[in-house]
Amino acid sequence: MTDFSMQTDDQGIAVLNWDVPGKSMNVLNLESLKELDALVEQALADPAVTGIVITSGKKDFAAGMDLNVIASMRDSAGNEPARGLFEGIMSMHHALRRIERAGMDPKTGKGGKPIAAALPGTALGIGYEIPLACHRIFAADNPRAKIGLPEIKVGIFPGAGGTTRLVRKLGAMAASSWLLEGKTVDPQAAKAAGLIDEVVPAEGLLDHAKAWVLSAVGTELAKPWDRKDYRMPGGAPYHPTGFMTFVGASAMVNGKTFGAYPAAKALLSAVYEGALVNFDNALRIEARWFVNVLMNPSSSAMIRSLFINMQALGKGANRPEAPDQKARRLGVLGAGMMGAGIAYVAANAGIEVVLVDSSEEAASRGKAHSEGLLSKGVSRRKVTEEKKAETLARITPTTDYAALTDCDLIVEAVFEDPSVKAEVTRKVLQHVGPDCIFATNTSTLPITDLAKASDNRGQFIGIHFFSPVDKMQLVEIIRGKETGNRAVAKALDFARQIGKTPIVVNDARFFYANRCIIPYLNEGVRMVAEGVKPALIENAAKLAGMPLGPLQLIDETSIDLGVKIAKATKAALGDAYKDDAVDRVLFPMADEGRLGRKAKAGFYTYDDKGERTGLWPDLTNRFPPADPQPDLQEVQERLLFAQVLEAVRALEDGVLTDIREGDVGAILGWGFAPWSGGPFSWLDMLGAPYAVARCEELAAQHGDRFAPPALLREMADRGDTFYGRFAPAKAA
Ligand code: NAD
């Protein structure tokens with residue numbers, strides 16, 4: 001079986017069709033690259049072939065490279081992994097360069113054959129790097145298609161010539177934003193940005209590409225950078241405007257990444273250095289920087305967590321054996337912020353939804369949330385009017401519990417109050433059938449306790465969504481003490497239906513994500529109380545790769561919520577409660593109405609529109625700056641260790657059962673420094689001995705919360721790593 005096939009029509013156009021057998025989406029691996037290269041070579045050598053169209057037999061062109069290829073290239077040269085990578089990457093360059101030169105005589109510039117790419121749908125990563133090497137790129141007018149180079153999102157950059165080609169096509173400044181942000185857009189936007197050449201009706205895609213192949217002449221057959229008169233748009237680095245561009249791009253990268261991502265820096269180096277030399281040398285430079293990034297533990301960890309493991313979890317790596325449990329009809333209880341979001345993602349995935357609230361107005365308001373999101377999609381051409389109508393028709397807002405009769409899954413999202421939840425649970429169970437699985441979206445209440453309202457506790461489970469539901473990728477599935485396997489399978493199948501990444505954890509206070517994020521927030525507040533300058537705390541967090549500093553995050557989630565959780569925790573823990581220092585900062589702020597962003601006053605000040613204007617100046621009057629201030633690394637380590645030690649304790653306690661879930665859940669759930677690959681990957685990078693020694697110092701200085709858990713000590717003694725010891729056999 002082959003991934004590419006070739007057929008030459010009666011006009012002499014060879015159509016190279018990419019269609020990976022048995023897969024819904026094309027991805028490239030080293031074998032298929034060789035096939036493509038051999039077919040291109042054959043077509044170029046065949047005098048009967050006048051030109052080539054590269055297209056796909058699927059509804060999309062390609063989703064990218066099979067990232068497992070990187071591991072096989074690395075292993076291909078034994079104990080010289082960098083050589084294996086470099087040679088593998090250069091073989092990709094040769095193949096794409098063959099397409100680009102298309103048999104042209106380098107001296108005379110004659111004899112080349114036109115090669116067009118015809119993209120029926122999505123073309124990402126290598127799926128766009130191959131078209132970039134073609135002479136003209138056609139895309140079907142398919143608003144759902146995505147085009148772009150998202151590699152940076154998994155900690156690498158386009159390394160099959162995409163970086164060098166895009167910079168030469170658009171200029172360094174225009175290309176940098178695509179390369180550095182990994183933004184993907186629909187074909188119309190891609191054309192407007194100059195990423196592709198033509199958008200044509202889907203039915204005529206191949207005909208348009210062929211017509212161009214037949215008419216293409218002269219300069220159209222050479223890429224601009226292969227022509228003598230080529231000038232880089234916006235200027236090369238030594239050109240006055242080019243100089244400005246590179247200074248600007250450098251500042252932009254550091255502004256956005258705070259230097260935490262090796263791929264962003266390496267990418268910029270490849271762009272800058274590549275711009276100083278000819279195209280083929282630029283490709284070699286790109287390859288060297290790409291190897292540099294691939295050899296960095298951060299990119300291996302990011303690929304492992306954000307690609308390999310995320311995919312494995314998405315496919316149900318920890319699903320118990322059970323027949324298909326896809327949800328057909330979903331009941332959502334409570335049409336507030338969360339319930340409305342859950343109804344939207346489910347209806348969007350084709351599931352019928354009954355949306356119940358205690359008043360008609362509230363239920364309808366919940367449905368209106370979907371209408372708002374869908375209308376926004378229509379105005380951005382992401383959603384058709386037809387799809388909007390179909391999706392909305394799936395949501396039935398009501399106050400009548402009898403409408404839940406045929407539901408096979410319920411997600412309860414009413415107020416966070418055990419008695420309200422218990423009452424609703426009992427009411428629902430009077431109406432639904434015996435097989436219905438009941439899930440609660442509680443964020444803090446133990447599942448095992450809430451399950452007491454049901455006499456069918458094997459079918460009671462937690463499905464914890466994050467806000468905003470339509471944007472946040474993670475769902476945390478919580479097994480109560482009595483939750484059965486079918487309920488877990490149901491929750492996992494539902495997560496898959498709505499395209500979310502699930503982790504499955506056992507029941508414990510705050511489950512996993514909130515358990516780890518709270519110590520981060522608290523550590524930030526503790527430092528305020530100690531007189532660490534707030535700007536140092538916030539910047540240290542961002543320099544460590546956290547998307548938001550702890551004080552900003554508290555403002556976003558609201559200070560009164562923090563106070564509510566603190567009070568409930570104190571009530572539950574009694575004398576074991578250790579966060580009074582935090583309360584001394586937060587409680588007075590809440591009493592004064594400084595509730596965070598929603599009150600336009602919190603740790604930050606805000607203007608009338610709710611935009612942050614700076615840190616609240618009075619904070620340093622209340623908590624005068626200590627002298628001396630701690631150094632940056634200490635602040636960063638306090639903020640990161642506060643989270644990862646909790647993750648280790650969650651593993652130790654059996655709340656987490658799979659470190660892959662611990663890493664993926666941390667990045668997707670609360671934005672834990674993505675460059676690290678997650679808490680366990682970060683600890684592996686540091687090494688357990690360093691982590692233990694450093695935490696002992698922090699514990700001596702700042703308190704027992706930093707005392708290394710027994711598991712970490714044992715790992716340090718035995719020289720273990722988390723991925724060496726705990727990774728399931730199939731994890732990377
Ligand atoms: P919300 O106040 O926006 O919505 C709650 C809705 O439940 C309201 O519309 C209310 O009218 C309805 N309701 C209350 N009692 C009801 C009853 N007896 N019958 C039917 N409807 C009833 O709250 P929310 O932020 O959407 O949170 C809902 C749940 O989700 C809570 O358990 C919360 O802890 C959890 N949660 C919230 C977040 C978040 O960020 N807000 C994140 C994860 C989980």
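Residues numbered from 1 in each chain as written. Predicted model: local features only at pLDDT ≥ 70, side-chain atom pairs only at ≥ 80, totals over all residues. Heavy atoms only, no water.

Around the ligand sit 21 residues in total, of which Met-338, Asp-357, Glu-416, Lys-421 and Ser-443 are the nearest. Side-chain polar atom of Asp-357 to an oxygen atom of the ligand: 2.6 Å apart, as the coordinates give it. For the ligand, an oxygen atom lies 2.5 Å from a polar atom in the side chain of Glu-416. In the complex, 77% of the free accessible area of the ligand, which totals 830 Å², lies under the protein chains. Residue assignment for the shell around the ligand shows that the elements contributing at least two residues are α13 (337-348), α16 (418-429) and β17 (460-465). Sort the elements by how many residues they give to the shell around the ligand and α16 lands first, with three residues. Taken together, the residues of the shell around the ligand sort by class into ten nonpolar, eight polar and three charged. (Near = heavy atom within 4 Å. Polar contact = N/O pair within 3.5 Å; in protein donor to acceptor, adjacent residues only side chain to side chain. Areas by Shrake-Rupley, 256 points an atom, 1.4 Å probe, with all protein chains shown as cover. Helix = DSSP H or I, 4+ residues; strand = E, 2+ residues; numbered from the N terminus. Nonpolar A, V, L, I, M, F, W, Y, C, P; charged D, E, K, R; others polar.)

A full pass over the atoms with the stated rule returns twelve aromatic pairs. The interplanar angle of 25° and the centroid separation of 6.1 Å between the aromatic rings of Phe-722 and Phe-726 together place this pair among those described as stacked. With Phe-722 and Phe-726 both in helix α30 (residues 722-726) and four residues apart, the pair spans about one turn of that helix. Classification of Phe-722 as buried rests on a relative accessible area of 1%. The exposure class assigned to Phe-726 is partly exposed, which follows from its relative accessible area of 28%. Among the aromatic residues, ring-to-ring pairing joins Phe-4, Trp-18 and Phe-61 into one connected group. Positioned above the aromatic ring of Phe-86 is the side chain of Arg-288, whose terminal nitrogen or guanidinium carbon lies 4.2 Å from the ring centre. When the ring centre of Tyr-723 is taken as origin, the NZ or CZ atom of Arg-304, which lies over that ring, is 3.4 Å away. (Phe/Tyr/Trp six-rings, centres within 6.5 Å; stacked < 30°, edge-to-face > 60°. Buried < 20%, exposed > 50% of the residue type's maximum accessible area, 1.4 Å probe, protein only. Lys NZ or Arg CZ within 6 Å of the ring centre and 35° of its normal.)

So, about a positive patch on the surface. There is a patch of like positive charges on the surface, built from Lys-146, Lys-153, Lys-376, Arg-380, Lys-382 and Lys-471. Take Lys-376: it is sitting in helix α14 (residues 360-379). Using a relative accessible area of 45% as the deciding quantity, one classes Lys-376 as partly exposed. (Patch = residues over 30% accessible without salt bridge, like charges linked within 9 Å, V, L, I, M, F, W, Y side chains within 5 Å. Salt bridge = Lys/Arg side-chain N within 4 Å of Asp/Glu carboxyl O. Lys, Arg positive; Asp, Glu negative; His and termini not counted. Charge placed at Lys NZ, Arg CZ, Asp CG, Glu CD.)

All right, on to the pairing of strand β15 (residues 409-412) then. Neither face of β15 is left uncovered, since the one carrying Leu-409 and Val-411 and the one carrying Ile-410 and Glu-412 both have all their residues buried. One ladder, built from four bridges, connects β15 with strand β16 (residues 437-440); its direction is parallel. Along β16, the bridge assignment pairs Ile-410 with Phe-438. You can see the chain leave β15, run along α16 and come back into β16, and the turn it takes is right-handed. (Pairing = 2+ DSSP bridges. Right-handed = clockwise from strand over helix to strand, strands pointing away.)

Our next topic: the sheet that holds strand β14 (residues 395-398). Pairing between sheet strands relies on hydrogen bonds along the backbone, with the strands arranged either parallel or antiparallel. Spatial ordering of the open sheet is given by β14-β13-β12-β15-β16-β17-β18-β19, a layout of eight strands whose pairing is mixed. With one partner strand each, in any of the chains shown, β14 and β19 (501-506) form the two edges of the open sheet. Each strand axis lies, on average, 25° off the axis of its neighbour in the sheet, ignoring direction. On top of the sheet, α14 reaches β13 (352-356) and β14; it is set at about 160° to β14, its chief contact. (Axes fitted to C-alpha atoms, helices over the stretch in contact; angles between N-to-C directions. Contact = heavy atoms within 4.5 Å.)

We now examine the sheet that holds strand β2 (residues 13-18). With respect to topology, six strands assemble into an open sheet ordered β1-β2-β4-β6-β8-β11, the strand pairing being mixed. The two strands at the open ends of the sheet, each matched to only one other strand, are β1 (4-8) and β11 (198-200). Ignoring strand direction, the axes of neighbouring strands in this sheet form an average angle of 20°. Both strand β4 (residues 51-56) and strand β6 (residues 115-119) contribute to a ladder of three bridges, which runs parallel. Bridged to Ile-52 within β6 is Ile-115. Here helix α1 (residues 30-45) sits on the sheet in contact with β1, β2, β4 and β6, set at roughly 15° to β1.

Right, let's get into helix α9 (residues 240-257). Compared with an ideal rise of 1.5 Å per residue, which puts 18 residues at 26 Å, α9 spans 26 Å between its outermost C-alpha atoms and is within 8% of the ideal. What α9 keeps buried is the set Gly-242, Thr-245, Phe-246, Ala-249, Val-253 and Thr-257. Across the axial projection of α9, the buried residues extend over an arc of 95°, all falling on one side. Opposite the packed face of α9, turned more than 90 degrees from it, sit the exposed residues Pro-240, Phe-243 and Met-244. Those residues of α9 that are buried lie in contact with α6 (172-181) and α10 (262-275). (Expected span 1.5 Å × (residues − 1). Arc of directions from axis to C-beta.)

Further remarks concern the side chain of Asp-186. With respect to the secondary-structure elements, Asp-186 resides in the loop between β10 (184-185) and α7 (187-192). Lacking a salt bridge, the buried Asp-186 has Arg-381 as its closest oppositely charged neighbour, with an N-O distance of 4.1 Å. Separated by 2.9 Å, the side chain of Asp-186 and the backbone nitrogen of Ala-189 make a polar contact. Excluding residues that lie within four positions of it along the chain, Asp-186 makes contacts with Pro-143, Ala-145, Arg-380, Arg-381 and Lys-382.

A separate point is the UniProt feature "domain: 3-hydroxyacyl-CoA dehydrogenase C-terminal" (unreviewed entry) in the protein chain. Within the UniProt annotation, "domain: 3-hydroxyacyl-CoA dehydrogenase C-terminal" (unreviewed entry) is assigned to residues 511-606. Helix makes up 66% of residues 511-606 and strand 3%, whereas the separation of the span's terminal C-alpha atoms amounts to 33 Å. (UniProt positions renumbered as here; feature names shortened; annotations may be inferred.)

Here Val-563 is to be found in helix α22 (residues 559-573). When its relative accessible area of 8% is taken as the criterion, Val-563 is described as buried. Along the chain, Val-563 and Leu-595 lie 32 residues apart, while their C-alpha atoms are 9.8 Å from each other. When sequence neighbours within four positions are dropped, the list of residues in contact with Val-563 reads Leu-586, Phe-587 and Ala-590.

This brings us to the pattern of salt bridges. Summed over the entire model, instances satisfying the criterion amount to 46 salt bridges. Between Lys-223 and Glu-100 there is a salt bridge whose closest N-O contact spans 3.7 Å. Residue Lys-223 is located in the loop between α8 (205-215) and α9, and its partner Glu-100 is located in helix α3 (residues 81-101); the two are separated by 123 residues in the primary sequence. For Lys-223, a relative accessible area of 7% translates into the label buried. For Glu-100, a relative accessible area of 1% puts it in the buried group.

Attention now goes to the domain arrangement of the protein chain. Each domain of the protein chain was delimited in the assignment, giving domain 1 (4-295) and domain 2 (332-512). A C-alpha centroid distance of 42 Å is found between domain 1 and domain 2. (Domains from an automatic or database assignment.)

Turning our attention to unusual backbone geometry. Excluding glycine, residues mostly have negative phi values, and the peptide bonds linking residues are mostly trans. A cis amide bond links Ser-467 to the next residue, Pro-468, at an omega of -5°. Assignment of secondary structure puts Pro-468 in the loop between β17 and β18 (474-479). Although it is not a glycine, Phe-258 sits at a positive phi angle of roughly 50°. Mapped onto the secondary structure, Phe-258 falls in the loop between α9 and α10. A relative accessible area of 30% places Phe-258 in the partly exposed class. With a phi close to 95°, Ser-558 is a non-glycine residue in the positive phi region. Following the sequence through the fold, Ser-558 ends up in the loop between α21 (550-557) and α22. Taking relative accessible area as the criterion, Ser-558 reaches 8% and is therefore assigned buried.

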